[in-house]
Amino acid sequence: MAKSYRLGVACLSHDHVWNELVHWQKLGNVEIVAGGDDEPELLAKLQAEFGVTRVYNSFQEMIAKEDLDLIQAAGGNSEGADIVEAAAARGLHVISEKPMASTLAIAERMKAAAEKAGTLLLINWPNAWSAHWQEVERRVLAGDIGEVRYTRYRSAHNGPIALGCAPQFVRDLTTPEINGAGALMDYCCYAANFAARLLGVPESVMGMRGFLGTEQAYAISDDNGIIVAKYPHAFGMCEGSWTQPVGYAETNPLVYGSEGAIGVMGDQILLKKPDKPDEIYSPPATEYPHRSAPEYLLYCLENSIPVEGFCSPTISRNAQEILEAGLRSADTGQTQKLPL
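Conventions adopted
Residues numbered from 1 in each chain as written. Predicted model: local features only at pLDDT ≥ 70, side-chain atom pairs only at ≥ 80, totals over all residues. Heavy atoms only, no water. Pairing = 2+ DSSP bridges. Helix = DSSP H or I, 4+ residues; strand = E, 2+ residues; numbered from the N terminus. Disulfide = S-S within 2.5 Å. Core = buried A, V, L, I, M, F, W, Y, C linked by side-chain atoms within 4.5 Å. Buried < 20%, exposed > 50% of the residue type's maximum accessible area, 1.4 Å probe, protein only. Contact = heavy atoms within 4.5 Å. Polar contact = N/O pair within 3.5 Å; in protein donor to acceptor, adjacent residues only side chain to side chain. Arc of directions from axis to C-beta. Axes fitted to C-alpha atoms, helices over the stretch in contact; angles between N-to-C directions. Expected span 1.5 Å × (residues − 1).

Peer 1: Mind laying out the pairing of strand 8 (residues 204–210), listing which residues take part and the relevant values?
Peer 2: Note that strand 8 and strand 9 (residues 224–230) share seven bridges and pair antiparallel. Looking at the pairing, R209 lines up with G225 of strand 9. In this structure, strand 8 lies alongside strand 15 (residues 336–337), joined through two bridges in antiparallel fashion. In the strand pairing of strand 15, V205 is matched with Q336.

Peer 1: Can you lay out the state of the cysteines for me, pointing to particular residues and giving the numbers?
Peer 2: With the rule as written, the count across this model stands at zero disulfides. Note on C165: no disulfide assigned, nearest cysteine sulfur contributed by C189 at a separation of 13 Å. Cysteine C189 remains unbridged, with the sulfur of C188 as its closest cysteine sulfur at 8.0 Å.

Peer 1: Go over the nonpolar core, please, and point to the residues and values.
Peer 2: Formed by 103 residues in total, the largest nonpolar core has its most connected members in L21, W24, I71, M110, V255 and I262. Beyond its immediate sequence surroundings of up to four residues, M110 is in contact with G80, A81, V84, S96, M100, A101, L121 and I123.

Peer 1: Tell me what's going on with the side chain of D172, and back it up with residues and numbers.
Peer 2: In this fold, D172 is placed in helix 8 (residues 167–173). Among the residues examined, D172 registers a relative accessible area of 5% and is labelled buried. Polar side-chain contacts of D172 include one of 3.0 Å to the side chain of R171. Apart from the residues lying within four places of it in its own chain, the contact partners of D172 are S13, G75, G76, I178 and N179.

Peer 1: Give me the lowdown on helix 4 (residues 80–89), citing residues and values where you can.
Peer 2: Three or more residues of helix 4 are buried, namely G80, A81, I83, V84, A87 and A88. All buried residues of helix 4 project into a common sector of 160 degrees when viewed along the axis, lining one side. As for helix 4, its buried residues are in contact with strand 1 (5–10), helix 3 (59–65), strand 4 (70–73), strand 5 (93–97), helix 5 (104–117) and strand 6 (121–124).

Peer 1: I'd like a rundown of the sheet that holds strand 12 (residues 260–265), residues and numbers included.
Peer 2: Read across the open sheet, the nine strands follow the order 14-13-12-11-7-10-9-8-15; overall the sheet is mixed. Edge strands, defined here as strands with exactly one partner in the open sheet, are strand 14 (279–281) and strand 15. With seven bridges joining them, strand 9 and strand 10 (residues 235–241) adopt antiparallel strand pairing. The residue of strand 10 that forms the bridge with G225 is G240. Of the strands in this sheet, strand 8, strand 9 and strand 15 touch helix 13 (residues 313–332), which is tilted by about 60 degrees from strand 8.

Peer 1: Explain helix 11 (residues 188–199) residue by residue, including any values.
Peer 2: Between its terminal C-alpha atoms helix 11 stretches 16 Å, which fits the 16 Å expected from twelve residues at 1.5 Å a residue. Of all twelve residues in helix 11, eleven are buried, a share of seventy percent or more. Restricting attention to buried positions, one finds in helix 11 the residues C188, C189, Y190, A191, A192, N193, F194, A195, A196, L198 and L199. Directly beyond the C-terminal end of helix 11, a positive phi value near 90 degrees is found at G200.

Peer 1: Now, about the sheet that holds strand 3 (residues 54–56): what can you tell me, with residues and values included?
Peer 2: Ordered by their spatial adjacency, six strands build an open sheet running 3-2-1-4-5-6, and the pairing between neighbours is parallel. On the outer flanks of this sheet lie strand 3 and strand 6, each paired with one strand and no other. Strand-to-strand twist across the sheet, computed as the mean angle between neighbouring axes with direction ignored, equals 25 degrees. Where strand 5 meets strand 6, four bridges bridge the pair, whose relative direction is parallel. Bridging across to strand 6, S96 finds its partner in I123. With respect to the sheet, helix 1 (residues 17–27) is in contact with strand 1, strand 2 (30–36), strand 4, strand 5 and strand 6, its orientation differing from that of strand 2 by roughly 150 degrees. Contacts from helix 4 reach strand 1, strand 4, strand 5 and strand 6 within the one sheet, and its direction differs from that of strand 4 by about 175 degrees.

Peer 1: Go over the pairing of strand 13 (residues 268–272) with me, naming the residues and quoting the values.
Peer 2: Across five bridges, strand 12 lies against strand 13 in antiparallel orientation. If you follow A261 over to strand 13, its bridge partner there is K272. Taking the residues between adjacent antiparallel strands as the criterion, strand 12 and strand 13 are bridged by two residues, where G266 takes a positive phi near 65 degrees. Pairing between strand 13 and strand 14: three bridges, direction antiparallel. Note on strand 14: the bridge partner recorded for L270 is I280. Linking strand 13 to strand 14, which pair antiparallel, is a turn of six residues; within it D275 sits at a positive phi near 60 degrees.

All quantities given are derived from atomic positions and should not be read as evidence of function.
So, in structure tokens, the structure goes:
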């Protein structure tokens, strides 16, 4: 018989949490038993939509009083270390939403707390469960396009308000002390994670950010950002925007190598090789245990293996260093040498 697990939800302001709770429910051997947040409206939603009756005014109180195995962390970027440290002290495994944190220091606290306690920490990058991203990752890491020379990903929409994000999430995203920045942190993070996975830690980083739109809620930070990560043999391009009113008009993400290129073109994979016809094909479907963050975390836990790939704390921490270097560069006009 499969082991059963008790899950607590630590904070609820990150809009991704509601879909993640559906993923938890689908596993069948996980009970969502409690939630902790200081916002009554979010706790009421947890009760109404997921039948969770045990709610607390803080995640600290929930962790202290409940008998739990797992934590779904879904607060602001700046809250990650406080949640992971409290959970790790009780031996609880954590899934925390992307990006890892608002600052590199907070990301490093999260990683250190889990390592010291011997608990699992998974940073949930939704693209990690995409068949398209998994196929690009497989082909690149298998050497199908040779040595990687260039990675690029643009993550964009027309802004959190236009997208319909909940007010609490809009607040977190547009408050630099919580989010770390604006679109630069919220959306350049995907490409930083992509570069960190395929190329590692760069030797230097340049960044720019600006307020280019009309929704004044974003003016206190930024609604567009670009980060360029320089490696000894490659560049990693990271783009984020909250002012794009249409879908993507390009191959996205895209990787060029010494022996070809691969990218996602709409719903298809495009593979280009020298002197060969282009390959355009549908990627294979995702398979267990790589269909969701909850599924993968339990797989790692039950097989006593570390979290690997895009969602590992090491790759996510390295992505955070790229983001922090990009932010420092954007604000100082100076290229940042790594390690910071």
